[in-house]
Amino acid sequence: MVFDECDRMLELGYKRDVQSVLNAINEQREKKRQTLLLSATLTQGIEEMSSISLKHPKFIDAASVESSNEEERI
């Protein structure tokens, strides 16, 4: 599953809709799912969406090469 322009989805007010879709998929899924959440910005809303839609997320920041214990930045 790919969430592209996730920051834009949040700006347009689709957070509840995305949550509903995720819940429906999680209830019916029988196989493992790979999920990508793509965003040009890393806001609190994006972090909330990542906690809802991702397990063990890896944050990749093209502008940074530092790593920390909580998140990986490349």
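Structure: see above.
Residues numbered from 1 in each chain as written. Predicted model: local features only at pLDDT ≥ 70, side-chain atom pairs only at ≥ 80, totals over all residues. Heavy atoms only, no water.

### Regarding the side chain of Thr35
Phase 1: Tracing the chain through its elements places Thr35 in the loop between helix 2 (15–28) and strand 2 (36–37).
Phase 2: Among all residues touching Thr35, those that are not within four sequence positions of it are Met1, Phe3, Ser53 and Leu54. (Helix = DSSP H or I, 4+ residues; strand = E, 2+ residues; numbered from the N terminus. Contact = heavy atoms within 4.5 Å.)

### Thoughts on helix 3 (residues 44–53)
Phase 1: All of the buried residues in helix 3 are Ile46, Met49, Ser50 and Ser53. For helix 3, the buried positions fall inside an angular range of 100° around the axis, keeping them on one side. Helix 3 presents Gln44 and Ser51 as exposed residues on the side facing more than 90 degrees away from its buried surface.
Phase 2: Taken together, the buried residues of helix 3 touch strand 1 (2–3), helix 1 (6–11), helix 2 and strand 2. (Buried < 20%, exposed > 50% of the residue type's maximum accessible area, 1.4 Å probe, protein only. Arc of directions from axis to C-beta.)

### Concerning a nonpolar patch on the surface
Phase 1: A cluster of nonpolar side chains, contributed by Val2, Leu36 and Leu38, occupies part of the molecular surface with about 250 Å² of accessible area.
Phase 2: By secondary structure assignment, the location of Val2 is in strand 1. (Patch = residues over 30% accessible without salt bridge, like charges linked within 9 Å, V, L, I, M, F, W, Y side chains within 5 Å. Areas by Shrake-Rupley, 256 points an atom, 1.4 Å probe, with all protein chains shown as cover. Salt bridge = Lys/Arg side-chain N within 4 Å of Asp/Glu carboxyl O.)

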